[in-house]
Amino acid sequence: SNTDNVVSLEDRLTDETRDDFFIRREGKVYAGTHLIIEVMGGTGLDCIATVEAAFRRCVEACGATLLHIHLHKFSPQGVSGVAVLAESHISVHTWPEAEYAAFDVFMCGDADPWKAVDILRKAFDADEIKVDELLRGEGVV
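Scope of this entry: the structure provided in the associated data block.

## A closer look at the pattern of salt bridges
- Enumeration according to the criterion identifies seven salt bridges in this entry.
- With its nearest N and O atoms 3.6 Å apart, the salt bridge here joins Lys 130 to Glu 38. Residue Lys 130 is located in strand β8 (residues 128–136), and its partner Glu 38 is located in strand β3 (residues 32–40); the two are separated by 92 residues in the primary sequence.
- As a salt-bridge pair, Arg 56 and Glu 52 come within 2.9 Å of each other at their nearest N and O atoms. With a gap of four residues between them, Arg 56 and Glu 52 both fall in helix α2 (residues 48–62), about one helical turn apart.
- Given the relative accessible area of 41%, Arg 56 is considered partly exposed.
- Here Glu 52 falls in the partly exposed class, since its relative accessible area comes to 27%.

## Let's talk about the pairing of β3
- The sheet contact formed by β3 and strand β7 (residues 100–108) spans nine bridges and is antiparallel. Across the sheet, the residue bridging to Met 40 is Tyr 100, located in β7.
- Bridge count for β3 against β8 is nine bridges, and the pairing is antiparallel. Note on β8: the bridge partner recorded for Met 40 is Glu 128.

## Looking at α2
- Relative to the 21 Å expected for 15 residues at 1.5 Å per residue, α2 spans 21 Å between its end C-alpha atoms, a close match to the ideal helical length.
- Within the span of α2, buried status applies to Val 51, Ala 54, Phe 55, Cys 58, Val 59 and Cys 62. An end-on view of α2 places all buried positions within 135° of arc, on one side of the element. Across α2 from its buried face, at more than 90 degrees, point the exposed residues Ala 49 and Glu 60.
- Next to the buried residues of α2 lie β4 (66–73), β5 (79–85), β6 (88–95), β7 and α3 (115–123).
- Residue Gly 63 follows α2 closely and has a positive phi angle near 80°.

## Details of the environment of Ser 80
- As for its position among the elements, Ser 80 is in strand β5.
- Overall, the relative accessible area of 14% leaves Ser 80 in the buried class.
- Separated by 23 residues in sequence, Ser 80 and Phe 103 place their C-alpha atoms 9.7 Å apart.
- At 2.7 Å, the side chain of Ser 80 forms a polar contact with the side chain of His 93.

Rules of the game
Residues numbered from 1 in each chain as written. Predicted model: local features only at pLDDT ≥ 70, side-chain atom pairs only at ≥ 80, totals over all residues. Heavy atoms only, no water. Salt bridge = Lys/Arg side-chain N within 4 Å of Asp/Glu carboxyl O. Helix = DSSP H or I, 4+ residues; strand = E, 2+ residues; numbered from the N terminus. Buried < 20%, exposed > 50% of the residue type's maximum accessible area, 1.4 Å probe, protein only. Pairing = 2+ DSSP bridges. Expected span 1.5 Å × (residues − 1). Arc of directions from axis to C-beta. Contact = heavy atoms within 4.5 Å. Polar contact = N/O pair within 3.5 Å; in protein donor to acceptor, adjacent residues only side chain to side chain.

This is the structure:
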């Protein structure tokens, strides 16, 4: 029968020799690590140049590959934008009047999004940083 040569999705995605960006760590297989990072008591959150520089430092420190950055400055205040990465993305929405910014850092493969946390803390001189981690695609396989 034709089904004898069919390899299950689980077998394909858990194959260590597979050339993809799924992460295999501590017995788990998942697409990537997605950090929800909240910057509180931050400064410089209304400045596109500061946000862009922080994005670039995060990309480099995390070992990711930058494809494109798009940022938008709102009037009277606020910045929103995204850094599109080969490994996924970094996004931000800022509320300078509240000294608050919401960052998403989602990375697949060997990139390490946790290295972005301290960079964002320093870039915006944050009083406090809150981080929640999601393993995207966990349990799909």
